[in-house]
Amino acid sequence: MTPEFSHVLRVDTIGDGREVTLAADERERAALARRFGLVAVARLEARFRLEREGENVLATGRVAAAVTQACSLSGEPIAARVDEPVRLRFVEDDAREEDEAELSQDDLDTLPIEAGAIDLGEAAAETMALALDPFPRAPGAAEALRGAGVLGEDRTGAFAALAVLKGKLG
């Protein structure tokens, strides 16, 4: 499957370094909105500086986007902006670590070099999606919950019942 915002670049065209700027068109933004469960993607742009590190490629830059998400409680549309720095390392598929590893702040996310090429569009789309709030809330969401009878997230459910019991025992 080809990603909706695929911008493949052959690694052998990078040379000593290369600047790449991308912007998703209307069709690509609509497809990305469907894929990521967004109401709309009004803008997705990326700027990358590419440098070779032996067989690998280091990509640094920025991803910027303007999207509309649905409130996780009411479904109300919420405007969201992304302005995310990017530091990625593209490596040959066989050089990627398969085991889970603890990453430090200085470690880079790694993505595959496939058939001698990297997909900067897909990297930008994934960066946008990961930067978004997974449970966005509209300003009136807390009031809507209270109106529906939910006392509060920290005072409902099994853990709230345990907290009440603990208070009675202690």
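Residues numbered from 1 in each chain as written. Predicted model: local features only at pLDDT ≥ 70, side-chain atom pairs only at ≥ 80, totals over all residues. Heavy atoms only, no water.

Novice: Tell me about the sheet that holds strand S6 (residues 109–113), and please be specific about residues and values.
Specialist: Here we have five strands laid out as an open sheet, ordered S2-S3-S4-S5-S6, and mixed in their pairing. Each having just a single partner strand, strand S2 (18–23) and S6 make up the two edges of the open sheet. Across the sheet, the mean angle separating the axes of adjacent strands is 25° when strand polarity is ignored. Relative to strand S5 (residues 77–92), strand S4 (residues 56–70) runs antiparallel, the two being bridged by 14 bridges. Opposite glycine 61, over in S5, you have valine 86 as the bridge partner. Against the sheet, helix H1 (residues 26–36) makes contact with S2 and strand S3 (40–53), and its axis sits at roughly 100° relative to S3, the strand it touches most. (Pairing = 2+ DSSP bridges. Helix = DSSP H or I, 4+ residues; strand = E, 2+ residues; numbered from the N terminus. Axes fitted to C-alpha atoms, helices over the stretch in contact; angles between N-to-C directions. Contact = heavy atoms within 4.5 Å.)

Novice: Tell me about a negative patch on the surface, and please be specific about residues and values.
Specialist: The grouping of Glu55, Glu92, Asp93 and Glu114 at the surface amounts to a negative patch. For glutamate 114, the location among the structural elements is in the loop between S6 and strand S7 (117–119). (Patch = residues over 30% accessible without salt bridge, like charges linked within 9 Å, V, L, I, M, F, W, Y side chains within 5 Å. Areas by Shrake-Rupley, 256 points an atom, 1.4 Å probe, with all protein chains shown as cover. Salt bridge = Lys/Arg side-chain N within 4 Å of Asp/Glu carboxyl O. Lys, Arg positive; Asp, Glu negative; His and termini not counted. Charge placed at Lys NZ, Arg CZ, Asp CG, Glu CD.)

Novice: So what about the side chain of glutamine 69? Which residues, and what values?
Specialist: With respect to the helices and strands, glutamine 69 occurs in strand S4. Of the residues examined, glutamine 69 reaches a relative accessible area of 8% and is grouped as buried. Only 2.9 Å separates the side chain of glutamine 69 from the backbone oxygen of aspartate 133, close enough to count as a polar contact. (Buried < 20%, exposed > 50% of the residue type's maximum accessible area, 1.4 Å probe, protein only. Polar contact = N/O pair within 3.5 Å; in protein donor to acceptor, adjacent residues only side chain to side chain.)

Novice: An account of the pattern of salt bridges is requested, with residue identities and associated values reported.
Specialist: Going through the model one piece at a time under the given rule, you end up with eight salt bridges. With its nearest N and O atoms 2.7 Å apart, the salt bridge here joins glutamate 4 to arginine 35. On the criterion of sequence distance, the pair formed by glutamate 4 in the segment before strand S1 (8–10) and arginine 35 in helix H1 is long-range, its members being 31 residues apart. The buried category is assigned to glutamate 4, whose relative accessible area is 17%. Between arginine 89 and glutamate 53 there is a salt bridge, and its shortest N-O distance comes to 2.8 Å. Pair noted here: arginine 89 is in strand S5 and glutamate 53 is in strand S3, with a separation of 36 residues, a long-range link. Taking the relative accessible area as the measure of exposure, arginine 89 reaches 25% and is therefore partly exposed.

Read these as spatial facts, not as claims about activity.
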